[in-house]
Amino acid sequence: HVALGTMNGDVLTIVIYSPTNSALKDTDGKMCDVKFRLNGTSGWYYLSPENVVLSNVNSINMVSAVSQGRVQIKSPKITSNASLTMPLTAITNVATASYSIRNSGQVPLTIERVTFLAEGYGVVDELPLVIEASKTKNIIVEYAPTVKGKYSTTMNVYTNDPNNRMKNVAISGEIY
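Here the structure is a predicted model, which means the values were calculated and not measured.

Quick look at the layout of surface pockets
Considering only enclosed or pocket space, the largest pocket measures out at about 2,100 Å³ in volume. Forming the boundary of the largest pocket are 50 residues, of which Ile 14, Met 31, Cys 32, Pro 49 and Val 52 lie nearest the centre. If you list the elements that add at least two residues to the lining of the largest pocket, you get strand E2 (11–17), strand E3 (43–47) and strand E4 (69–73). Top contributing element to the lining of the largest pocket by residue count: E2, with seven residues. Considered class by class, the residues forming the lining of the largest pocket number 28 nonpolar, 16 polar and six charged.

Things to note about the sheet that holds strand E13 (residues 166–175)
What the five strands build is an open sheet, ordered E6-E13-E12-E8-E10; its pairing is mixed. The open sheet has two edge strands with one neighbour each: strand E6 (83–85) and strand E10 (129–131). Averaged over all pairs of adjacent strands, the angle between strand axes in this sheet comes to 30°, irrespective of strand direction. Two strands pair when backbone bridges link them, and E6 and E13 are joined in this way by three bridges, in the parallel orientation. Directly across from Thr 85, in E13, lies its bridge partner Ser 172.

Conventions and cut-offs
Residues numbered from 1 in each chain as written. Predicted model: local features only at pLDDT ≥ 70, side-chain atom pairs only at ≥ 80, totals over all residues. Heavy atoms only, no water. 1 Å grid on protein atoms, 1.4 Å probe; cavity = no way out; pocket = protein on both sides within 12 Å on 5 of 7 lines; lining within 4 Å. Points joined across faces, edges and corners; volume = space filled by probe spheres on them. Helix = DSSP H or I, 4+ residues; strand = E, 2+ residues; numbered from the N terminus. Nonpolar A, V, L, I, M, F, W, Y, C, P; charged D, E, K, R; others polar. Pairing = 2+ DSSP bridges. Axes fitted to C-alpha atoms, helices over the stretch in contact; angles between N-to-C directions.

Listed below in structure tokens is the structure:
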């Protein structure tokens with residue numbers, strides 16, 4: 001017997017046939033199992049076969065039943081504030097603040113890297129940082145000032161969250 005599978009967009013077509021028109025034996029009613037490599041947003045997704053045809057050599061459709069199934073995709077989800085206010089800091093010191101990141105997903109969240117749109121900023125923590133499902137961790141952000149006054153930049157937090165690969169965080173503070 002021959003089994004072929006093709007993808008066209010989000011439709012999987014499976015064709016099973018016998019080049020010699022011999023019957024499928026020892027199948028106990030099951031024609032095939034299909035495994036998927038899932039990549040996407042958390043949730044339950046239903047798989048509903050459509051246009052199912054089971055034919056004999058005379059081209060008569062012999063389908064007696066078709067069952068549907070469902071799959072669950074588990075993914076990480078970053079939950080954190082969109083801004084971080086650094087404490088008022090003397091120009092002779094390094095400004096530091098803790099930024100809280102929660103994983104509200106079902107699998108580990110990885111903070112792959114953190115970048116800043118201005119010089120003088122950094123993260124004290126070693127990256128990548130892994131946050132287990134339903135857990136929270138903090139990263140320490142620091143700024144080494146060179147002048148007095150108010151300052152601001154954007155911190156980009158890169159993650160494995162399929163819906164939020166890069167989280168933008170507005171950073172602001174003041175140096176005296």
